[in-house]
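# Coordinate analysis (summary)
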Amino acid sequence: MEIRPLLMCFALCVVYATSKPTEKKERIHHDAPLSSREHDDAQGFDYDHDAFLGQKEAKSFDDLSPEESKRRLGVIVEKIDGDSDGFVTEVELKAWIKKAQKKYVYENVDRQWKDFDVNNDGMISWEEYRNVTYGTYLDDPEPDDGYNYQHMMARDERRFKMADQNGDQIANKEEFTAFLHPEEYDHMKDIVVLETMEDIDKNGDGFIDLNEYIGDMYNHEDEMEEPDWVATEREQFSEFRDKNKDGKMDREETLDWILPSDYDHAEAEAKHLVYESDLNKDGKLSKEEILNKYDLFVGSQATDFGEALVRHDEF
């Protein structure tokens, strides 16, 4: 049964910190690339297919006839059109691409959902989550493993409340996803930063100084010499992390560190798809315009065969 995900994460972090002192702990959350393929429309639209559908779903279209690909794309277009006005905007397209790229997140939540939805009402209350995750530990005020479960539970409850946007102490699927994967949601950024600072700020002054920053990544107890990457991180802290040069990172500096404002691949791809498909140049796409350029959005037996010929000619 796949439960206690946050407890497992905590335990793994402890093991990580104590068993491999020369390996660097990574706290920065970067957006994954939309596709492992090169974005070159002259050679084919594989990148666009992966970006639009997600790599796993995109592959399934390659075995379909052009007619079936168009039919399924038409169904998808209606899902993307959030306000049902008959057009797909860049904003709607960007939101769809981001959702397609996060399918692994939703799949992870789906696997855990049944373990926490104890009464099978399609929702997960804080009480359900708490009882499943901490019930057995709360019966023992002094567990042998050394973890402070009361403290961990208080952190989880704080995060649950932030994910629970309507404040009813009950999470729907989207709210529970934000709880388990807060780094994926803008409204959860504050809790990601707060939890990170609490983990690293050992002296409790509300900041992260250089020693705390390095100490979180590197356990030097059993080391004669520091690895080269530690010296690099010291320079990173002084030159880039500590922007106001006061010798420590505050909340905003920590936010810039762990949740950097990367290049927005989804926004760039949405602009590209609209530019290539918008025949009347009104800045939005009709269903007809998308279906006219269906091979840009999805694959089929025809496009897959054509791309295979291109690859064959290259050799």
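Residues numbered from 1 in each chain as written. Predicted model: local features only at pLDDT ≥ 70, side-chain atom pairs only at ≥ 80, totals over all residues. Heavy atoms only, no water.

### Things to note about the overall build of the protein
- In terms of helices and strands, the protein carries 17 helices and six strands.
- Expressed as a percentage of the 315 residues in the protein, the buried residues total 39%.
- Considering only intrachain contacts with a sequence separation of at least 6, the fraction spanning at least 24 residues in the protein is 63%.
- Accessible area of the protein: about 18000 Å², with a carbon and sulfur share of 51%. (Helix = DSSP H or I, 4+ residues; strand = E, 2+ residues; numbered from the N terminus. Buried < 20%, exposed > 50% of the residue type's maximum accessible area, 1.4 Å probe, protein only. Contact = heavy atoms within 4.5 Å. Areas by Shrake-Rupley, 256 points an atom, 1.4 Å probe, with all protein chains shown as cover.)

### Brief notes about the layout of surface pockets
- In this structure, the second largest pocket spans a volume of roughly 740 Å³.
- What lines the second largest pocket is a set of 25 residues, among which Asp31, Lys98, Lys102, Glu183 and Glu184 lie closest to the centre.
- Per-element tally for the lining of the second largest pocket: the top contributor is helix H5 (residues 90-101), with four residues.
- The class makeup of the residues in the lining of the second largest pocket is 10 nonpolar, five polar and 10 charged. (1 Å grid on protein atoms, 1.4 Å probe; cavity = no way out; pocket = protein on both sides within 12 Å on 5 of 7 lines; lining within 4 Å. Points joined across faces, edges and corners; volume = space filled by probe spheres on them. Nonpolar A, V, L, I, M, F, W, Y, C, P; charged D, E, K, R; others polar.)

### Digging into helix H6 (residues 103-116)
- With 14 residues, H6 ought to run about 20 Å at 1.5 Å a step, and its terminal C-alpha atoms sit 20 Å apart, in line with that.
- Taken together, the buried positions of H6 are Val105, Asn108, Val109, Gln112, Trp113, Asp115 and Phe116. (Expected span 1.5 Å × (residues − 1).)

### Quick look at the pattern of salt bridges
- Here the structure, examined in full by the defined rule, presents 22 salt bridges.
- One continuous salt-bridge network, built from bridges that share partners, spans Arg27, Arg155, Arg158, Glu198, Asp199 and Asp216. (Salt bridge = Lys/Arg side-chain N within 4 Å of Asp/Glu carboxyl O.)

### Some points on the packing of aromatic side chains
- Under the criterion given, the structure shown has 14 aromatic pairs.
- With centroids separated by 6.3 Å and ring planes inclined at 65°, the aromatic side chains of tyrosine 129 and phenylalanine 176 adopt a geometry described as edge-to-face. Pair noted here: tyrosine 129 is in helix H7 (residues 126-138) and phenylalanine 176 is in helix H9 (residues 173-180), with a separation of 47 residues, a long-range link.
- Under the relative-accessibility criterion, phenylalanine 176 is labelled buried at 0%.
- When the ring of tyrosine 218 is compared with that of tryptophan 229, the centres are 6.0 Å apart and the planes differ by 85°; the resulting orientation is edge-to-face. (Phe/Tyr/Trp six-rings, centres within 6.5 Å; stacked < 30°, edge-to-face > 60°.)

### Considering the nonpolar core
- Tyr129, Phe176, Phe179, Ile208, Tyr213 and Trp257 are the most contacted members of the largest nonpolar core, which has 37 residues in total.
- Of all the secondary-structure elements, those providing two or more residues to this core are H6, H7, helix H8 (149-163), H9, helix H10 (189-200), helix H11 (210-217), helix H12 (228-241) and helix H13 (251-258).
- Judged by nonpolar contacts, the second largest core, of 27 residues, contains Tyr47, Val88, Leu273 and Phe297. (Core = buried A, V, L, I, M, F, W, Y, C linked by side-chain atoms within 4.5 Å.)

### Details of the packing of H5 against helix H14 (residues 265-277)
- At a closest axis distance of 8 Å, the pairing of H5 and H14 adopts a crossing angle of 130°. Here H5 is positioned oblique relative to H14, judged by the angle of their axes. Between H5 and H14 the crossing geometry is right-handed. Where H5 approaches H14, its residues Glu90, Leu93, Lys94, Ile97 and Lys98 are matched on the opposing element by Ala266, Glu267, Glu269, Ala270, Lys271, Leu273 and Val274. (Axes fitted to C-alpha atoms, helices over the stretch in contact; angles between N-to-C directions. Parallel < 35°, antiparallel > 145°, perpendicular 65-115°, else oblique. Left-handed = near helix turned anticlockwise from the far one by under 90°.)

### Details of the side chain of serine 69
- Residue position: serine 69 is located in helix H4 (residues 66-80).
- When near neighbours in sequence (up to four residues on either side) are disregarded, serine 69 contacts Phe61, Leu64, Tyr294, Val298, Gly299 and Ser300.

### A look at the side chain of glutamate 269
- Relative to the helices and strands, glutamate 269 is located in helix H14.
- For the buried glutamate 269, which has no salt bridge, the nearest side chain bearing the opposite charge is lysine 293, at an N-O separation of 12 Å.
- Excluding residues that lie within four positions of it along the chain, glutamate 269 makes contacts with Leu34, His39, Tyr47, Asp48, Ala51 and Ile97. (Lys, Arg positive; Asp, Glu negative; His and termini not counted.)

### Things to note about unusual backbone geometry
- Positioned with a positive phi, serine 84 is a non-glycine residue whose angle comes to about 55°.
- Here serine 84 is to be found in the loop between H4 and strand S1 (87-88).

### What about the packing of helix H2 (residues 46-53) against H14?
- Orientation of H2 relative to H14, taken along the N-to-C sense of each, is 115°, at an axis distance of 11 Å. H2 and H14 meet at a crossing whose hand is left-handed. Touching Tyr47, Asp48, Ala51 and Phe52 of H2 are Glu269, His272 and Leu273, all from H14.
- Its residues assigned to classes, the contact of H2 with H14 comprises four nonpolar, one polar and two charged.

### As for a positive patch on the surface
- On the surface, Lys56, Lys79, Lys99 and Lys103 cluster together into a patch of positive charge.
- As for its placement among the helices and strands, lysine 56 is situated in helix H3 (residues 55-61). (Patch = residues over 30% accessible without salt bridge, like charges linked within 9 Å, V, L, I, M, F, W, Y side chains within 5 Å. Charge placed at Lys NZ, Arg CZ, Asp CG, Glu CD.)

### A short note on the UniProt feature "domain: EF-hand" (unreviewed entry) in the protein
- The UniProt record marks residues 68-103, 104-139, 151-186, 188-223 and 265-300 with the feature "domain: EF-hand" (unreviewed entry), using the residue numbering of this structure.
- Segment residues 104-139 splits into 72% helix and 6% strand. End C-alpha atoms: 35 Å apart. (UniProt positions renumbered as here; feature names shortened; annotations may be inferred.)

### Some remarks on the confidence of the model for the protein
- Chain-level pLDDT for the protein is 85 on average; 84% of the residues reach the 70-or-more range.
- Segment residues 1-6 is flagged for pLDDT under 50; beyond a separation of four residues in sequence, or across chains, it makes 21 contacts in the model.
- Contacts from residues 303-315, a stretch scored under 50 in pLDDT, to residues over four places away or in other chains number 11 contacts. (pLDDT = per-residue confidence, 0-100.)

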